[in-house]
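Examination of the molecular architecture
Below are the chains, spelled out letter by letter.
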Amino acid sequence: MRYHVDVVRIRENSIQLNGWAIGKTPETKIRFRVTDGKGTPVSFQYVPTRRDDVSQIYFKETVDKELGFDIRFDYERGKTYILEILGEGRRIRVRFNEELIKRRSSVAYKRRQKLLDLANMETVRVAWDFFKENGLKALVLKSKHKIQGIDNDYDYGEWYELTKPTDEELSEQRQAVFLWMPKFSIVIPVYQTPEKYLKEMLDSIREQTYGNWELCIADGSPKGHDLEKVLARYAKEDPRIRYQILGENRGIAGNTNAAIAMAEGDFIVLADHDDRMTPNALYECAKAVNENQGCDVLYSDEDKLDMDGKALFDPHFKPDFNPDLLTSVNYICHLFVVKRALLEQVKGFRAEFDGAQDYDFIFRCTEKARKIVHIPKVLYHWRCHQDSTASNPESKLYAFEAGSRAIMDHYKRMGIAAEKVEKGVDFGIYHTKFVLQGEPLVSVIIPNKDHTRDLDNCIRPMLTKGTYRNLEFVVVENNSTQPETWEYYDAIQKEFPNVRVVRWEREFNYSAINNFGVSHAKGEYLLFMNNDIELIAEDFIEEMLGFCQREDVGAVGARLLYADDTIQHAGVVVGFGGIAGHTFIGLHKAENSYFHRAMCAQDYSAVTAACMMSKKSVFEAAGGFTEELAVAFNDIDYCMKVRSLGKLVVYAPYALLYHYESKSRGLEDTPEKVARFNREIAIFARRWPDILKNGDPYYNPNLTLRKSNFALRDLKKEKIGEPYRLEVPLDEPSV
C-alpha cells in the first residue's frame, strides 16, 4: 500500500488533509479512520478526489477511480491526532499536531522532503517501474526535472513581502491626484459571515490608499443571524459604508444584485464577504483607468489567504485577456471591476447560474467590453476555507455544473457551435467539443529528406487510425540522397491516392519549403507537420479544426510530447530565454502544471509549426512564412503576423501527438549553423521589438523568463517587468 499526504492546514478549529492512498491495483479498497492521541475515534468528513497524476505514475494509465482524499476533522490546539489508512491487511498511522504541522509547512522542510523523496525506497520502486517501461534516457530526464524542481520552490510569502508596496509608496499613493478620480462602488453580499472575517474585509477597504469609494453591503442572513451590529458600527464611523438588511437569503445572485442596486459609483468592484483587498487595490484600478482610455473592465492577480489570516499562498499570476483560457477555467475571478454603464447593459447577476454566477457575469461583461485591462499585481487575497471551491473543488460540484452551462450560454451568444462542455483534467477545468462545420479538405504539408520510416510513421496512422478522413498530404521532398526514399515515395502514392510528393530542389529553407508546399495545396485548411510527428489522439485534427473554423482564430497548435511522455510543446511564450520558448518543457504529461495551464485550451502569442493548423486564407493574408528566417523562429514570426491581422493563436491541449524533435535536420552544431541561428535571432528581434520590450501579453511579468515552468521571478536575477536579456548581440550576429 502506498500513500502521501500532500497538504496539511489548520482551518479555523479544524484540520484539512489532502493526499492519496492506493493499493496494488486501482480496485483496492482503502479506508480511513481518525483517532486522538489516546486512541479515541474522532468524527471526520471524507471526500474522495480524482488524482490522475497518481494513476498515471503508478498504474501507467488514467483510471476511473478516485484515488485521492480530502479529510477534515475538528481540531483542539495542543492535542495530537492520528490518521489511520487501512488496506490490504495493513494499517498506516500518520501523526499530526500543531508543532508537526508548522514544521511540515516550512520551506526548508519541503525542500528537504523533496530530496528525501528522491532517495526513499518508494521512489526507487517507482523509478524502476518507469525505467522498465520507458528506458534509461527517459528516467534521467524525469529525475533531472524533479531535482530542478527543488530550486523552484520559492517561498511566496517572502517573495510577496519583497515586492509589495512599501510604507513610503503607500503614503505617496494617498497623496496622488489623477486627471479623473472615478468613484468605485465595492459591492459585497453577506450571509452569516463570521464577524472576524467580515471585519478583516471591512478594515482592508478602509485602509485603501485611494479614497473615492463607497461600500455597498447586502446582508441576506436569516433573521436573528444578521450582522447589523457590526455593520452599523462601521457605517457610523465611515459614511462611505452603507448596508441593507434583506431579512432573507435571496441566493448568491440575488444578494449581490441587492448590493449592486445600492451602488452610485462609476465602477463596480466585486468582493466576497470574508476575503481581503490589498491597500493599493483601488489606487491601481484608478491608475489603470486613467492610463487606458475607454477601459470598462479590469481584473488583477490574486493569491490565497489561510483561515488564520497569517499566511499567503498559491499566487495566481494571470495573462492579459485570454478568451479561450476563460472558456477553460474562470481564471479572472478576483479582483474584478466593471464600469457601471456596462453592468447596467448586461443586467447584473442571474440566479440560474448560482454557484458560477460570477463566471456567467464575467462572460457577459467581457463580451461587450470595449477595452479589458489586466493589472499584473496581486490586489486580492482570497480566503481559502472549508467547503470553498478554492480548497476543495468537489465540495461544490454544483458550481462546476453551473460553470459548464455558463460556458455553453457564452458560446450561444457568440454564435459558436459547441457540442458539449465536459470536465477537463480536474473539476473547474473545462474541455469544449466544438461542432465542425462540414468536413472541409485539410492539406497536410510535410517537408522531408530521407527518413522514410519517420515519414511513414507520421502519415500512415493518420490515414488508418485517425478519425478525420478528408485529408490530402503534400510531402515536400528536400534533396534526399538515399535510393530507398524514392522507392518509398512511389509506393506510398500508389497505396494512398491522397498522398502527393512535390520536389524542392534548392537549399534547405524551412519557410520557403513550406510556402512551396502551400502552393500545391488544395485544402481550405493547412496543417503544417514535421516528419517526426506521431499520432496519439486519433481525433487531434477535429480538436484543432474546431478552433480553426472560428472566424476569430488564425492558427492552432497541438500539445506535443517527447518519447518519454514529457512535454515538448504546450504553447510558446515570447521572451523565454530572451527570444521565445516552449512552455512546461520536460514536465511529465501526468504532472500538474501551473494552474493546469498545460491542459487548458488558451490563446498564446505563438505555437510551434511542428504541428500547426491555419486557414489558407489567413496564411495568404499574412504573406506565408518569412523566408528570411530560414531555420529558426519562422513559426513564431508567422504567428506574430497572424496576430497582427487581429486573429487569435490557440493552443489545443487535447490534440496530442509525439514529436521526436528535428531528426531530419540535425543540430545547430557547426560554426556556420550557429552563426545563422544568431543572425535569425537578430532578424526576429528587429521585426518584433515591442513584444520583446514590453513582454508577452499572454504571460505575466511576475513570472520568470529563465525557465518554462511559470515559477516566480528570481528577484536577485530578474527585475519585475524587465525582459530577460539576450547574450547574443542583436546588431551584429556572432558565433
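Above this text is the structure in question.
Residues numbered from 1 in each chain as written. Predicted model: local features only at pLDDT ≥ 70, side-chain atom pairs only at ≥ 80, totals over all residues. Heavy atoms only, no water.

Observations concerning the sheet that holds strand 6 (residues 81-87)
Spatial ordering of the open sheet is given by 3-6-7, a layout of 3 strands whose pairing is antiparallel. With partners counted over all chains shown, the strands left at the sheet margins are strand 3 (31-36) and strand 7 (90-96), one partner each. Sheet twist, expressed as the average angle between the axes of neighbouring strands with direction ignored, equals 20 degrees. Pairing analysis gives 6 bridges linking strand 3 to strand 6, with the strands arranged antiparallel. The residue of strand 6 that forms the bridge with Thr 35 is Ile 82. (Pairing = 2+ DSSP bridges. Helix = DSSP H or I, 4+ residues; strand = E, 2+ residues; numbered from the N terminus. Axes fitted to C-alpha atoms, helices over the stretch in contact; angles between N-to-C directions.)

Observations regarding the side chain of Asp 36
Within the fold, Asp 36 resides in strand 3. At 5.2 Å, Lys 79 is the nearest oppositely charged side chain to Asp 36, a buried residue that forms no salt bridge. Engagement of the side chain of Asp 36 in a polar contact is seen with the backbone nitrogen of Lys 38, the distance being 2.9 Å. Filtering out sequence-adjacent residues up to four positions away, Asp 36 remains in contact with Val 42, Thr 80, Tyr 81 and Ile 82. (Buried < 20%, exposed > 50% of the residue type's maximum accessible area, 1.4 Å probe, protein only. Lys, Arg positive; Asp, Glu negative; His and termini not counted. Salt bridge = Lys/Arg side-chain N within 4 Å of Asp/Glu carboxyl O. Polar contact = N/O pair within 3.5 Å; in protein donor to acceptor, adjacent residues only side chain to side chain. Contact = heavy atoms within 4.5 Å.)

Here we look at the pairing of strand 7
In terms of strand pairing, strand 6 meets strand 7 through 7 bridges, oriented antiparallel. Its bridge partner lying in strand 7, Glu 84 is registered against Arg 93. Hairpin geometry of strand 6 and strand 7 is characterised by an intervening segment of 2 residues between the two adjacent antiparallel strands and by a positive phi of about 55 degrees at Glu 88.

Considerations on the pairing of strand 14 (residues 312-316)
Bridge count between strand 13 (residues 297-305) and strand 14: 3 bridges; the pairing is antiparallel. Opposite Lys 304, over in strand 14, you have Phe 313 as the bridge partner. The turn linking strand 13 back onto strand 14 is made up of 6 residues, and Gly 309 within it adopts a positive phi angle of 75 degrees.

Here's the deal with the packing of aromatic side chains
Any pair of aromatic rings gets described here by the distance separating the centres and the angle formed by the planes. Per the counting criterion, the structure on display carries 37 aromatic pairs. Ring centres 5.7 Å apart and planes at 35 degrees place the aromatic pair Phe 184 and Phe 267 in the tilted group. One end of the pair, Phe 184, is in strand 8 (residues 184-190); the other, Phe 267, is in strand 11 (residues 267-270), and 83 residues separate them in sequence. When its relative accessible area of 0% is taken as the criterion, Phe 184 is described as buried. For Phe 267, a relative accessible area of 0% puts it in the buried group. Measuring from centroid to centroid gives 5.6 Å for Trp 486 and Tyr 489, while their planes differ by 85 degrees, and the two rings are edge-to-face. (Phe/Tyr/Trp six-rings, centres within 6.5 Å; stacked < 30°, edge-to-face > 60°.)

Shape is all these values report; function is a separate question.
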